[in-house]
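Coordinates in review
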Amino acid sequence: MYRSKISGVGHYVPDNVVTNDDLSKLIDTNDEWITERTGIKERRFAGPADSPSSMGTKAALLAIERAGIDKNDIDFIIFATLSPDYYFPGPGVLVQEQLGIKEVGALDVRNQCSGFVYGLSVADQFIKTGMYKNILLIGSELHSGGLDMTTRGRGVSVIFGDGAGAVVLSRANEGEEGILSTHMHSEGKYAEELALIAPNTGRWIPTIMNNNDPDDISYYPYMNGNFVFKHAVVRFAEVIQEALQANNKNVADIDLLIPHQANLRISQFIQKKMGLSDDQVYNNIMRYGNTTAASIPIAMSEAWEEGKLKRGDTVCLAAFGSGFTWASALLKF
Ligand code: UT7
């Protein structure tokens, strides 16, 4: 059995910075509310040239370069997103084309905020069995095109931002530890507490348009914010503990926790609950908002650039979101 390690990290965010004040010109909200409830000060919104796949490809090229491999060494692509370029096919195949590499397999992961950690788990298994040596794992989201930018949608729309992150997962050398374990969960009874219901196979666009109902918000993301928040703080803590226990480690062994950037208050709550110091937790939601499947790899890439994520560090990744799904990974970076 082989082991896998993260050999390169990269990210791309659009240039267009949208501040809380910018949003308050469109909807009835304000910087004070958004900052106090979420910690977010600004986010990026995609420009006309950006798509989930193109942002993912840009992040991927950086991760590949930093992994010290050639793009043609990539054996497999995994793309996690809830905001794909098309309803189908998924964006993985578009990345294969945009990178201009050979016809490797491309898998799309639909686990929303947990998508990156789910994808990491899948990639880890392929490398462990020896099937692949280098896997490109991307999390990319383009939320801005699908948000309800009216006061009606303010409880959701002020939170989300666009961007992409990527890692290359490679076969570890003899003696290297790399990914130690991954843990995944779901609870589908809460599927509609955080969801985008339409279009779906029973309600395609013509039906929605024929109904022409101005109050139909089923094609905007819906979130029962308070309910999600309460579940998030419980599940994050549980799944981090699960990862520690599986490896006979404790909270003090974590050099860096990179939680999915859902809400700064959620990250701070978990930090306090688990007794982690400020140095042990990385947050960048202040600058990017919640970028769903992209948030962990963007944070990993930024933390690495800032020297806060170092080779040999024990790193815990944890996520919670729509599904509900939640997941964690413990790794030696
Ligand atoms: O990443 C996937 C997982 N997602 C999460 O983990 C998100 C979890 N939930 C949250 O982060 C929080 O629930 C939110 C940030 C979404 C909302 O914060 P909250 O403290 O739960 O606020 P709320 O929804 O209970 O709303 C409180 C008040 C309401 O007004 P009333 O009814 O008290 O008069 C809302 O209408 O704040 C109002 N409100 C706003 N006011 C200004 C809601 N959104 C806004 C807004 N600006 N953007």
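The structure reproduced in this document is the subject of the present report. Owing to the predicted nature of the structure, the values given are computational and were not obtained by experimental measurement. Numbering of residues begins from 1 in every chain and follows the order in which that chain's sequence is written. Two thresholds apply to this predicted model, a pLDDT of at least 70 for residue-level local features and 80 or more for giving and counting side-chain atom pairs, whereas whole-chain, interface and lining totals are computed over all residues. Heavy atoms from the whole structure form the basis of all side-chain values; hydrogens and water molecules are not counted.

With that out of the way, let us pick up the packing of aromatic side chains. Planes of paired rings set the category: under 30 degrees apart is stacked, over 60 is edge-to-face and the rest tilted, where pairs are Phe, Tyr or Trp rings (Trp by its six-membered ring) whose centres lie within 6.5 Å. Tallying each qualifying case throughout the model produces nine aromatic pairs. A ring pair is formed by Tyr190 and Phe324, whose centres lie 5.2 Å apart and whose planes are at 40°; its orientation type is tilted. Here Tyr190 is found in the loop between strand 8 (179-186) and strand 9 (194-195), whereas its partner Phe324 is found in the loop between strand 12 (314-321) and strand 13 (325-332), with 134 residues between them in sequence. Ring centres of Phe320 and Phe324 lie 5.0 Å apart, and the angle between their planes is 55°; this geometry places the pair in the tilted category. Owing to a relative accessible area of 0%, Phe324 belongs among the buried residues under this scheme. Ring-pair connections join several aromatic residues into one group, and the members of that group are Tyr190, Phe227, Phe320, Phe324 and Trp326. The positively charged end of Arg171 is found above the aromatic ring belonging to Tyr2, 3.7 Å away from the centroid. By the criteria applied, helices consist of DSSP H or I runs no shorter than four residues and strands consist of E runs no shorter than two, each listed in order from the N terminus. The cut-offs for exposure are 20% and 50% of the maximum accessible area for each residue type, with area from a 1.4 Å probe on protein chains only; residues under the lower value are buried, those over the upper are exposed, and the others partly exposed. Both a distance and an angle decide whether a charge sits over a ring: NZ of Lys or CZ of Arg must be within 6 Å of the ring centre and within 35 degrees of the ring normal.

The next point concerns unusual backbone geometry. Residue Pro199 is reached from Ala198 by a cis peptide bond, and omega for that bond is 0°. Residue position: Pro199 is located in the loop between strand 9 and helix 7 (205-211). Residue Phe324 follows Gly323 across a cis peptide bond; omega there is -15°. The phi dihedral of Thr292 falls on the positive side, at around 50°, and the residue is not glycine. Looking at the element boundaries, Thr292 is found in the loop between helix 10 (285-288) and helix 11 (295-305).

Moving on, we come to the nonpolar core. Nine residue types can take part in a nonpolar core, namely buried Ala, Val, Leu, Ile, Met, Phe, Trp, Tyr and Cys, and a core is a set of them joined through side-chain atoms within 4.5 Å. Ranked by internal contacts, the top residues of the largest apolar core, which has 41 residues, are Ile240, Leu257 and Ile266. Put simply, the parts of the chain that give this core at least two residues each are helix 8 (225-246), helix 9 (264-274), strand 12 and strand 13. It is helix 8 that provides the largest number of residues to this core, a total of nine residues. An automatic or database domain assignment supplies the start and end points of every domain. Viewed by domain, this core spans two of them, domain 1 (4-171) and domain 2 (179-332), each represented by three or more residues. In this description, contact between two residues means that some pair of their heavy atoms is separated by no more than 4.5 Å. For Ile266, the contacting residues outside a window of four places in its chain are Phe229, Ala232, Val233 and Phe236. Residues Ile78, Ile135, Leu137 and Ala329 belong to the second largest nonpolar core, which totals 34 residues.

So, about helix 8. One fewer than the residue count of a helix, multiplied by 1.5 Å, yields its expected span. In this model, helix 8 (22 residues) spans 31 Å end to end at C-alpha, consistent with the 32 Å of a helix rising 1.5 Å per residue. Count one or two residues on from helix 8 and you reach Asn248, which has phi positive near 50°.

What follows is about the site of the ligand. Nearness here has a simple test: a residue counts as near a molecule or strand if at least one of its heavy atoms is within 4 Å of that partner. Around the ligand, the structure places 23 residues, and the nearest of them are Thr29, Arg37, Asn226, Asn263 and Asn290. Here an oxygen atom of the ligand sits 3.1 Å away from a polar atom, N or O, in the side chain of Trp33. Whenever a nitrogen or oxygen atom comes within 3.5 Å of another N or O atom, the pair is scored as a polar contact, on the condition that within protein one atom can donate a hydrogen and the other can accept it, and that pairs from neighbouring residues in sequence are kept only if both atoms are in side chains. In the environment of the ligand, an oxygen atom lies 2.8 Å from a nitrogen or oxygen atom belonging to the side chain of Arg37. Notes on the ligand: free accessible area 960 Å², of which the protein chains cover 73%. Elements represented by at least two residues in the shell around the ligand include exactly helix 2 (31-38), helix 6 (154-157), helix 8 and helix 9. At four residues, helix 8 tops the list of elements feeding residues into the shell around the ligand. A 1.4 Å probe and the Shrake-Rupley method give the accessible areas. Residues count as covered only by the protein chains that appear here.

By themselves, these are just geometric observations and shouldn't be taken as functional.
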